[in-house]
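Survey of secondary and tertiary structure
Each chain, written out:
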Amino acid sequence: MNQISWTLTLQTFRHLLKTCIAQRDILTGKTLHALYLKSLIHPSTYFSNHFILLYSKCGCISSAHHSFNLTQNPNIFSFNVLIAGYAKVSCLNIAHQLFDQIPQPDLVSYNTLISAYADCGETEQALSLFKDMKDRGFDMDGFTLSGVITACCNDVFLMKQLHCFTVYGGFDNYTSVNNSLLTYYGKKGLLDEAKRVFHEMDEIKDEVSWNSMIVAYGQHRKGEKALELFQEMVRMGVVVDMFTLATILTAFTCVEDLLGGLQFHAKLIKCGFHQNSHVGSGLIDLYAKCSGGMQDCRKVFEEIRSPDLVLWNTMISGYSQSEEFSEDALECFRKMQQVGYCPDDCSFVCVISACSSLSPSVGKQIHALTIKSFIPSNQISVNNALVAMYSKCGNLQDARWLFDRMPEYNTVSLNSMIAGYAQHGVEMESLYLFEWMLQKNIPPTSVTFISVLSACVHTGKVQEGQKYFSIMTDQFGIEPEAEHYSCMIDLFGRAGKLTEAEKLIEAMPVSPGTFGWAALLSACRTHGNTELALKAANQLLQLEPSNAVPYVMLANIYSSAGKWEEVATIRKLMRDRGVKKKPGCSWIEVNKRVHVFVAGDSSHPMIKEIHVYLEEMSMKMKRAGYVPDVRWALVKDDEIEHGEKEKLLVHHSEKLAVAFGLLSSKDGEPILVVKNLRICGDCHNAIKFLSAISGREITVRDTHRFHCFKDGQCSCGDYW
């Protein structure tokens, strides 16, 4: 492109660049940038600023910063755009460094950084900037106050003061301020206050106001109210855009109304919105979370003509929500890059989450890719995902190493580490970290307390668990949900306090759900309370009649008590209802290859060597005091001989996987086995002996937790 042709097409070039920014079309934008750099035109601040804006809006922050560095004498617009870009990916340290480099920051500079800190929950930093702004003589506007309101969302008293200030200061005429108040009241479940703000706005309401109120209803399971408001919005002639439609889909998702979502999907098709990328993201999220399958998600995705980065990320996220589709999430991540999209922080968070269910080596490869992809080292959301991934993959040491080196962390970071310690049987570290969190005035969330209560469950700390359950509401205003009650039921049950567990269930304001009844049923099995077990099992069967767990657990209880007729009745009921027990399956990675073992399966090429090895080890184990617990064979005494029962136990999937690991790895090398079910009592005991005899550290991750076996002991202390 020479100087003449550039002059002739300058207006067209500007139009194309603005279109790329509006549509976040990074591929076309990069092409335009290449043409611009190859042209003979003198570098233009106008175009430099807009390329920075393009890259920032598309999440390509490294490209945005590179363009910024090439800009001669960057102006305040350049700084503000780049600050906003780093704020978008939560790189607040770099954003603040850029802010400090501005010769004379303006109100937009302050508003951008205040909003960034507010969105990340950094209240003190946001308020400090606000004070500095006032000290320099700047007058606040609606955007300033919106940011401050968002920053103070955890302080109810301060929020009420801000609301009063909004009214008395005349800022209630600012739509952005009212929208911030709407968002706050909606998140807190203060729907009456949210409705009051919404109705008092009269004619200044915009699409964001309507969407915020719809989201508030949806988040608190008021799906009908959300739809009524949407219908009113249409009747009043308010512009319904893709964000509004996506908000309605979010409401359906929040209340898990798949039928309503299907009906709304039909309307979207009739209106021609179903091919919109933003609406498509809402549909994929709905189907992924409410249908449990990904077939409908794939159909929605394939109908989008030009899927953008957000849509790809939503698809990866959908796959990552189920261990069954973890490989698909990884494949989708690869295809996204093949078509030319550079993964952003959201892409990595989603695929790292999927890696938690894959082999440890895959997670490390993705970690390496985050470094090569110039994702900033202080990207907090990616670091949080990596901490959680390493913990779930059994590598607690690397999780803590990464956590200690994070330049900044938030509640999610601490939640991940607390949960990691609890799952690995290092419950005391989990509780210490929680207490440290409180000392640092980092507010815990509902998720934090689930991890803390879980730590108490696995250590039998009943009094501590009751204390934390109490302060959750009294001190932090967090209303217990079904998961918290399930933890308390489990806490009482494991400690043998079945009466307290039953009383708690009767007093609960919400249904215990499957997890609560399953926890009680498991405790009844441990402590031999058949009568209460039958009650819990019946409740589970009503909730999930096709779930094999209550049938199997009840059969185990009856078999332990020698009630074989009842066992036969349960098994017949399963056959009549077409319910099948999920076979035990374990897998282990050796030399970057995953080996899968199924209970009783003989398809592995080394199965003969494995059986010979287990027989040899069995004799050594028995000499050391191991006694096979044939109750876990779950067969009647007169059906097979005692020796045959022992052989059935040898064929359990976790024993086969551990034996293969010991045979196929170097001496002293730790072993990690993952199982799809709860580890059986005999296998748990046997692997303790195997760890002592082999001198190896053996970790088994089942559906409940990590069992770290070393020197004949397990990290769970036989309390699981």
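The following paragraphs examine the structure supplied in this document.

Quick look at the overall build of the protein now. Summing up its helical and strand segments, the protein has 39 helices and six strands in all. Taken over the C-alpha trace, the protein has a radius of gyration of 29 Å; the compact-globule value for 720 residues is 27 Å, and the two agree within 12%. Over its C-alpha atoms, taken along the principal directions, the protein stretches across nearly 95 × 55 × 55 Å. In the protein, buried positions account for 49% of the 720 residues. Long-range pairs, those at least 24 residues apart, make up 60% of the contacts in the protein between residues at least 6 apart in sequence. For the protein, the exposed surface amounts to about 34,900 Å²; the carbon and sulfur share of it is 52%. Between the mean site of the 68 positive side-chain charges and the mean site of the 77 negative ones, the protein shows a separation of 4 Å.

A few words now on helix H39 (residues 681-694). If you check H39, its first and last C-alpha atoms are 20 Å apart, about what 14 residues at 1.5 Å a residue would give, namely 20 Å. Taken across its 14 residues, H39 has 10 buried, putting it largely inside the fold. Of the positions making up H39, those classed as buried are Gly681, Asp682, Cys683, His684, Ala686, Ile687, Lys688, Phe689, Leu690 and Ser691. One or two positions beyond H39, positive phi appears at Gly695, with a value near 70 degrees.

So, about the nonpolar core. If you look at the biggest cluster of nonpolar residues, it comprises 182 residues, and the most contacted ones within it are Phe51, Ile352 and Leu520. Core analysis: the next-biggest nonpolar cluster, separate from the first, contains 31 residues, Val673, Ile679, Cys680 and Cys714 among them.

Let's shift gears to unusual backbone geometry. For Lys592, which is not a glycine, the phi torsion comes out positive at approximately 65 degrees. Examined against the element boundaries, Lys592 turns out to sit in the loop between strand S1 (585-590) and strand S2 (593-598). With a relative accessible area of 69%, Lys592 lands in the exposed category. Even without being glycine, Asp711 reaches a positive phi, approximately 55 degrees. Its place among the elements puts Asp711 in the loop between strand S5 (706-710) and strand S6 (713-714).

Time to look at the sheet that holds S6. Pairing is mixed in the open sheet, where six strands are placed in the order S2-S1-S3-S4-S5-S6. Unpaired on one side and paired on the other, S2 and S6 mark the two borders of the sheet. Examined bridge by bridge, S1 and strand S3 (residues 671-675) share three bridges and lie antiparallel to one another. Residue pairing for S3: Trp587 is matched across the bridge by Val674.

Where helix H16 (residues 242-254) contacts helix H18 (residues 277-290), the two axes come as close as 8 Å, and the packing angle between them is 5 degrees. Our classification of the angle between H16 and H18 gives roughly parallel. Contacts from Met242, Phe243, Leu245, Ala246, Leu249, Phe252 and Thr253 of H16 reach H18 at His278, Val279, Gly282, Leu283, Asp285, Leu286, Lys289 and Cys290.

Neither face of strand S4 (residues 698-701) is left uncovered, since the one carrying Ile698 and Val700 and the one carrying Thr699 and Arg701 both have all their residues buried. Where the polypeptide runs from S3 across H39 and back to S4, its parallel neighbour, the crossover connection is right-handed. As paired elements, S4 and S5 share four bridges and run antiparallel to each other. If you follow Arg701 over to S5, its bridge partner there is Phe706. Where S4 folds back on S5, the antiparallel hairpin that results is connected by four residues.

So, about the side chain of Lys675. By the element assignment, Lys675 lies in strand S3. Here Glu654 takes part through its side chain, which lies 2.8 Å from a polar atom of the side chain of Lys675. Contacts of Lys675, omitting those with residues within four sequence positions, involve Gly584, Cys585, Ser586, Ser653, Glu654, Cys680, Arg701, Asp702 and Thr703.

Reading the values: rules and limits
- Residues numbered from 1 in each chain as written.
- Predicted model: local features only at pLDDT ≥ 70, side-chain atom pairs only at ≥ 80, totals over all residues.
- Heavy atoms only, no water.
- Helix = DSSP H or I, 4+ residues; strand = E, 2+ residues; numbered from the N terminus.
- Rg over C-alpha atoms; globule rule 2.2 N^0.38 Å.
- Buried < 20%, exposed > 50% of the residue type's maximum accessible area, 1.4 Å probe, protein only.
- Contact = heavy atoms within 4.5 Å.
- Areas by Shrake-Rupley, 256 points an atom, 1.4 Å probe, with all protein chains shown as cover.
- Lys, Arg positive; Asp, Glu negative; His and termini not counted.
- Charge placed at Lys NZ, Arg CZ, Asp CG, Glu CD.
- Expected span 1.5 Å × (residues − 1).
- Core = buried A, V, L, I, M, F, W, Y, C linked by side-chain atoms within 4.5 Å.
- Pairing = 2+ DSSP bridges.
- Axes fitted to C-alpha atoms, helices over the stretch in contact; angles between N-to-C directions.
- Parallel < 35°, antiparallel > 145°, perpendicular 65-115°, else oblique.
- Right-handed = clockwise from strand over helix to strand, strands pointing away.
- Polar contact = N/O pair within 3.5 Å; in protein donor to acceptor, adjacent residues only side chain to side chain.

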